[in-house]
Amino acid sequence: MTDVSTTSGARPGGGPGPGGPTGPMRAVLDAAAVQRALTRIAHEILERTQGADDAVLLGIPTRGAHLAARLGAQIAAVEGLELPVGTLDVTMYRDDLRLRPARALGRTEIPAGGVDGRLVVLVDDVLFSGRTIRAALDALGDIGRPRAVQLAVLVDRGHRELPIRADYVGKNLPTAQRETVQVRLAETDGQDAVLLGVKEGAR
Amino acid sequence: MTRRHLLSTADLSADDATLILDTAAELARLADRPIKKLPTLRGRTVVNLFLEDSTRTRISFETAAKRLSADVINFSAKGSSVSKGESLKDTALTLEAMGADAVVVRHWASGGAHRLAHAGWIRGTVVNAGDGTHEHPTQALLDAYTLRSRLGSLDGRRVAVVGDVLHSRVARSNVHLLATLGAEVTLVAPPTLMPFAVETWPCAYSYELDPVLPKVDAVMMLRVQRERMNQAYFPTEREYARRYGVHAERMAALPEHAVVMHPGPMNRGLEISAEVADSARSTVTEQVANGVSVRMAVLYLLLGGSEPAIGTENEAGGTQPGATQAGATQPGGTQEGGAAR
Amino acid sequence: MSGRNWTIRGARVLGGEPRELYVRDGLLAAAPAADATVLDADGLIALPGLVDLHTHLREPGREDAETVLTGTRAAAAGGYTAVHAMANTDPVADTAGVVEQVWRLGREAGYCDVQPVGAVTVGIAGEHLAELGAMADSAARVRVFSDDGHCVSDAALMRRALEYVKAFGGVVAQHAQEPRLTEGAQMNEGEVSSALGLRGWPAVAEEAIIARDVLLAAHTGSRLHVCHLSTAGSVDLVRWAKSKGYPVTAEVTPHHLLLTDELARGYDPVYKVNPPLRTAADVEAVRAGLADGTIDVVATDHAPHPLEAKDCEWAVAAMGMLGLETALSVVQHTMVDTGLLDWAGVADRMSVRAAAIGSLGGHGRPLEPGEPANLTLLDPAASRTIEPHALHSRSRNTPFAGLKLPGVVHATFLRGAATVLDGKVVDR
């Protein structure tokens with residue numbers, strides 16, 4: 001149960017994942033592809049929620065938060081609809097806390113209307129083991145009771161360890177365990193990209 | 001696991017202190033939620049070992065630990081084995097046998113927390129909740145947090161700490177921490193209540209309050225014990241209040257943005273007038289509220305991970321490390337670290 | 001084997017050229033006895049048996065910390081042939097009865113001569129003079145009187161005590177500590193105490209009493225001995241008093257020759273002592289004072305305490321450090337190896353003058369034929385790491401634990417009988 005899923009993706013603070021240095025990385029999505037994926041997700045959200053009038057976007061810091069902000073902006077541009085956008089830091093709910101030194105918390109900002117009775121769409125950059133999302137669901141439960149929760153991710157790299165799935169996926173990217181996926185965003189890293197590499201000395 | 005404690009603010013680097021304050025800021029938002037609880041310390045046992053009375057601080061720590069889902073055991077001096085003469089060592093061994101992950105200790109003797117941390121009796125983390133006249137690190141942290149939330153960054157800010165500095169653990173902790181965070185501290189007290197060798201402390205000092213007030217961003221009042229009058233530290237309460245008390249006129253002499261702080265409990269009419277205590281400039285009630293968030297941050301950063309995220313490396317207790325290097329060849333040679341400033 | 005006759009070969013007497021010493025029937029002799037056991041003392045320094053002017057043997061009353069038996073074994077191991085046992089026992093040694101009891105316990109144990117010190121005041125309460133004359137006339141023949149542990153702070157009482165002991169050549173040994181300036185004091189008042197939040201014991205509390213007492217000694221024409229002098233200012237006062245010809249002597253402990261108040265930073269009570277450890281400047285001053293003879297003797301102030309009295313918070317801990325078994329090593333380390341004192345000086349400060357101040361016949365004598373064979377053989381080239389559990393004392397509170405110190409006592413002779421041989425205490 002306590003497998004050290006090193007690149008589950010959504011952790012506060014930018015930078016490469018833990019679990020050892022990586023070899024050379026190649027881009028599997030360039031900036032344009034990232035943008036297209038986000039545009040598509042925005043449209044899908046609008047479609048499947050029939051207008052998203054009670055939706056709330058909550059991004060998981062760090063990069064998920066930026067993605068949520070972008071999705072909100074996208075939806076506003078397309079539909080003229082200002083969705084509440086916020087962030088949900090899951091550090092305190094992680095199941096691997098005791099495996100690493102205590103780490104700094106990310107910002108949690110729940111929009112003014114709260115989450116009770118609303119459709120919460122969690123937004124994260126990479127979906128891997130699913131543990132981060134499990135933690136997010138626990139965190140959400142202590143904040144209120146949404147009528148439903150959906151998940152939007154930029155990349156789904158497989159290897160789920162829990163029964164968790166994404167509703168909206170930017171790119172399905174089958175990977176090996178020993179590979180590492182890193183998302184770069186203009187807001188944190190200067191440019192948009194999704195990179196794939198191999199962990200050095202990977203098991 | 002590396003064993004680290006929070007015994008003194010002198011052990012905190014600027015990064016450590018900032019991390020605590022930032023973490024506290026995030027945790028403060030918990031107060032707005034219906035469920036004010038996080039699962040982070042579930043299954044951990046935090047013992048409040050209060051060998052000196054304090055309801056306020058103990059409740060603050062208890063709330064902090066419970067909000068992180070830790071199990072809390074309260075152990076106070078009155079009516080306990082300690083009041084029947086049990087030694088600190090035996091009390092500590094009992095707590096260790098009960099599996100305490102952390103001991104929050106308030107002790108009437110300076111160095112009490114240090115001894116608990118280093119004597120080799122317990123393996124857990126020790127958080128100093130006030131030891132004699134030595135230090136009260138979480139008080140200083142919540143003071144810094146309060147100042148930061150009222151004034152913004154503390155770098156370059158000027159703070160006056162006024163009152164019985166000699167006997168104040170709050171003053172000592174604040175001097176270290178504020179200096180670390182880049183603030184300039186001026187201690188104000190009558191000469192009898194100023195610590196020996198204060199010139200060596202990282203702050204300025206003055207025997208007069210009025211010249212200091214117009215230049216500071218915050219005034220931190222310290223509680224003065226009336227009994228000190230009988231030990232000739234000052235002649236009468238009236239004279240003390242006149243020379244060192246902050247009343248409405250003195251408050252008016254402060255810059256507009258400046259705040260008045262007090263760690264509590266207050267002697268209304270002695271070091272602080274009722275009018276000042278209840279004014280908008282007074283941060284007294286905020287300090288209390290901020291205490292819970294700050295203590296949650298401290299407990300989380302010390303206990304929440306596989307190893308603490310703050311504090312300095314401390315040797316495992318039990319042995320007498322001091323003798324091996326202390327003054328071995330020359331007097332005053334390299335010494336054991338301990339509570340060095 | 002502890003026979004009564006010895007031929008000691010190649011010992012450097014007082015650090016001088018190696019020569020032979022002959023012990024016959026408890027005395028030093030000009031020629032060897034026929035059945036003398038030969039002891040090879042090549043490389044060893046021969047000193048007159050050390051005399052401690054200030055020891056706490058704790059019996060009667062605190063036998064959990066030390067007894068006369070265990071304390072004198074520790075003394076012998078440290079090279080001592082005589083110790084002055086301080087009076088703050090329970091009951092206090094303020095009557096002929098108690099001092100005779102302590103004296104007798106010493107004789108029965110047989111490891112070292114025990115010279116009891118009589119209290120100055122009844123119960124060491126600082127109010128009424130004890131029966132000093134009765135103690136002087138007793139079998140214990142008390143000549144040194146001290147309320148050590150407490151200060152005789154009442155000026156009038158101190159004057160009377162100084163006057164009274166003149167009748168029998170006594171000396172009053174004062175523990176200089178102005179009580180009103182040291183209420184609740186925990187350690188030296190200074191930068192360290194200020195940082196640690198521990199109440200300070202200011203130097204002036206020691207110096208003010210010494211200043212008063214040297215003047216009283218001059219005024220009464222009676223001898224004053226200053227116990228465990230610890231500050232630079234105190235050294236200056238004694239130096240001044242001696243320059244005026246006042247009848248004043250002084251002692252310093254081994255720990256005050258080496259350790260400073262910086263050690264308190266870890267709040268480890270093994271470093272808690274009265275008078276407290278002082279600053280580096282004070283250590284330098286007392287070393288200089290011992291070197292130039294302003295300070296007459298090294299006295300251990302050996303203060304055993306049971307484990308629970310030190311395994312606790314600083315404020316709750318007892319004050320005191322062991323000293324008998326490490327004194328000579330500390331003196332070698334701080335005074336001889338630094339060039340401040342030679343071995344003849346060590347003999348003077350650790351034996352000769354102490355015996356003179358205590359009026360203790362038979363000890364501190366020259367190592368010449370006809371004198372009692374009280375001597376110590378020290379190996380200055382050897383060294384050891386101080387291990388509390390290896391000490392002969394019943395207690396473990398040594399501040400030198402873990403330190404590597406030079407000088408190992410090879411043998412100690414008490415009137416020709418070996419109490420220590422080959423570095424080991426000889427069981428009687």
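### Considerations on the overall build of chain C
(1) Moving on: Across its full length, chain C carries 11 helices and 19 strands.
(2) Moving on: A compact globule built from 428 residues should have a C-alpha radius of gyration of about 22 Å, and chain C, at 20 Å, falls within 12% of that.
(3) Moving on: Judged by the C-alpha coordinates and their principal axes, chain C covers about 65 × 45 × 45 Å.
(4) Moving on: Out of the 428 residues belonging to chain C, those deemed buried represent 62%.
(5) Moving on: Long-range pairs, those at least 24 residues apart, make up 75% of the contacts in chain C with a sequence separation of at least 6.

### Quick look at the overall build of chain A
(1) Moving on: In terms of helices and strands, chain A carries four helices and eight strands.
(2) Moving on: Helices (α) and strands (β) of chain A occur, in sequence order from the N terminus, as β-α-β-α-β-β-α-β-β-β-α-β.
(3) Moving on: Counting across all 203 residues of chain A, residues that qualify as buried make up 43%.
(4) Moving on: A separation threshold of at least 6 residues defines the contact pool for chain A, and within that pool the share at least 24 residues apart is 72%.

### Remarks on the packing of helix α5 (residues 137-151) of chain B against helix α6 (residues 169-180) of chain B
Residue and element names in this part refer to chain B.
(1) Moving on: Between α5 and α6, whose axes approach to 8 Å, the crossing angle comes to 55°. The pairing of α5 with α6 is recorded here as oblique in orientation. The interaxial crossing formed by α5 with α6 has right-handed handedness. Judged by residue contacts, Pro 137, Gln 139, Ala 140, Leu 141, Asp 143 and Ala 144 of α5 engage Val 170, Ser 173, Asn 174, Leu 177 and Leu 178 from α6.

### Here's the deal with the sheet that holds strand β3 (residues 102-107) of chain B
Strand pairing in a sheet is mediated by backbone hydrogen bonds. Such pairs are either parallel or antiparallel.
All names here are of chain B.
(1) Moving on: Taken together, the four strands give an open sheet; going across it, the order is β2-β1-β3-β4, and neighbouring strands pair in parallel fashion. Single-partner strands in this sheet number two, and they are β2 (71-76) and β4 (125-131). On average, each strand axis in the sheet is tilted by 15° relative to the strand beside it, whichever way the strands run.
(2) Moving on: Bridge count between strand β1 (residues 45-50) and β2: six bridges; the pairing is parallel. Opposite Leu 49, over in β2, you have Phe 75 as the bridge partner.

### A short note on unusual backbone geometry
Note on backbone geometry: most residues besides glycine have negative phi, and most peptide bonds are trans.
(1) Moving on: Geometrically, the link from Gly 264 of chain B to Pro 265 of chain B is a cis peptide bond, its omega value of -10° lying close to zero.
(2) Moving on: Within the secondary structure layout, Pro 265 of chain B lies in the loop between β9 (259-261) and α9 (274-277).
(3) Moving on: Between Asn 274 of chain C and the following residue, Pro 275 of chain C, the backbone shows a cis peptide bond with an omega angle of 0°.
(4) Moving on: Here Pro 275 of chain C lies in the loop between α8 (254-258) and α9 (280-291).
(5) Moving on: Of note in the backbone geometry, Leu 14 of chain C takes a positive phi value of approximately 55° without being a glycine.
(6) Moving on: Of note, the phi angle at Asp 422 of chain C is positive, near 55°, even though the residue is not glycine.
(7) Moving on: Considering the arrangement of structural elements, one finds Asp 422 of chain C in the loop between β18 (417-421) and β19 (424-425).
(8) Moving on: Residue classification places Asp 422 of chain C among the exposed residues on the basis of 9 C-beta atoms within 10 Å.

### Points about the interface of chain A and chain B
(1) Moving on: The partner chain B presents 19 residues to the 16 residues of chain A that form the contact.
(2) Moving on: Residues belonging to the side of chain A that touches chain B are distributed by class as follows: nine nonpolar, one polar and six charged.

### Quick word on helix α2 (residues 55-67) of chain B
Residues and elements named next belong to chain B.
(1) Moving on: For α2, built from 13 residues, the straight-helix expectation of 18 Å at 1.5 Å per residue is met to within 8% by its first-to-last C-alpha distance of 18 Å.
(2) Moving on: By the burial criterion, the buried members of α2 are Thr 57, Arg 58, Ser 60, Phe 61, Ala 64, Ala 65 and Arg 67.
(3) Moving on: Looking at the buried side of α2, the elements it contacts are β1, β2, β3, β4 and α10 (284-303).
(4) Moving on: Following α2 by one or two positions, Ser 69 adopts a phi angle in the positive range, close to 70°.

### So, the pairing of strand β7 (residues 179-184) of chain A
Residues and elements named next belong to chain A.
(1) Moving on: Among the six residues that make up β7, five are buried, leaving the element largely enclosed by the rest of the structure.
(2) Moving on: The pairing of β7 with strand β8 (residues 193-198) spans six bridges and is antiparallel. From the neighbouring strand, Glu 179 faces β8, where its bridge partner is Val 198.

### With respect to the arrangement of the chains
(1) Moving on: There are two pairs of chains in contact here, and the one with the most contacts is chains B and C.
(2) Moving on: Here chain A and chain C are not in contact; the least distance found between their C-alpha atoms is 27 Å.

### Notes on the sheet that holds strand β7 (residues 80-85) of chain C
Residue and element names in this part refer to chain C.
(1) Moving on: Read across the sheet, three strands follow the order β6-β7-β8 without closing on themselves; strand pairing throughout is parallel. Lying at the two open borders of the sheet, with one neighbouring strand each, are β6 (50-55) and β8 (113-116). Between one strand axis and the next, the sheet turns by 20° as a mean value, whatever way the strands run.
(2) Moving on: Alignment of β6 against β7, held across four bridges, turns out to be parallel. For Leu 50, the partnering residue across the bridge sits in β7 and is Tyr 80.
(3) Moving on: Against the sheet, helix α1 (residues 68-77) makes contact with β6, β7 and β8, and its axis sits at roughly 135° relative to β7, the strand it touches most.
(4) Moving on: Sitting on the sheet, helix α2 (residues 96-109) touches β7 and β8, and the angle it makes with β8 is about 170°.

### Examining the pairing of strand β10 (residues 171-174) of chain C
Residues and elements named next belong to chain C.
(1) Moving on: Side chains of β10 alternate between two faces, with Val 171 and Ala 173 and Val 172 and Gln 174 buried alike.
(2) Moving on: Across two bridges, the pairing between strand β9 (residues 144-145) and β10 is parallel. Bridge pairing links Val 144 to Val 171 in β10.

### Section: the confidence of the model for chain C
(1) Moving on: Looking at chain C, pLDDT values average 97 and 99% of them are 70 or higher.
(2) Moving on: With pTM at 0.88, the complex prediction returns an ipTM value of 0.84.

### Description of the nonpolar core
Taken as a class, soluble globular proteins show a tendency for nonpolar side chains to be buried jointly.
(1) Moving on: In terms of nonpolar packing, the biggest core is built from 294 residues, with Ile 20, Val 103, Val 162, Val 219 and Leu 299 of chain B together with Ala 46 of chain C touching the most fellow members.
(2) Moving on: For this core, the element with the most residues is α10 of chain B, which contributes 11 residues.
(3) Moving on: Two domains each put at least three residues into this core: domain 1 (9-136 + 288-316) and domain 2 (137-287) of chain B.
(4) Moving on: Leave out the neighbours within four places in its chain, and Ile 20 of chain B touches Leu 141, Val 294, Ala 297, Val 298, Leu 301 and Ile 310 of chain B.

Calculation rules
- Residues numbered from 1 in each chain as written.
- Chains lettered and ligands numbered in written order.
- Predicted model: local features only at pLDDT ≥ 70, side-chain atom pairs only at ≥ 80, totals over all residues.
- Helix = DSSP H or I, 4+ residues; strand = E, 2+ residues; numbered from the N terminus.
- Rg over C-alpha atoms; globule rule 2.2 N^0.38 Å.
- Buried ≥ 20, exposed ≤ 12 C-beta atoms within 10 Å, placed from the backbone.
- Contact = placed C-beta atoms within 7 Å.
- Axes fitted to C-alpha atoms, helices over the stretch in contact; angles between N-to-C directions.
- Parallel < 35°, antiparallel > 145°, perpendicular 65-115°, else oblique.
- Left-handed = near helix turned anticlockwise from the far one by under 90°.
- Pairing = 2+ DSSP bridges.
- Nonpolar A, V, L, I, M, F, W, Y, C, P; charged D, E, K, R; others polar.
- Expected span 1.5 Å × (residues − 1).
- pLDDT = per-residue confidence, 0-100.
- Core = buried A, V, L, I, M, F, W, Y, C linked by C-beta atoms within 7 Å.
- Domains from an automatic or database assignment.

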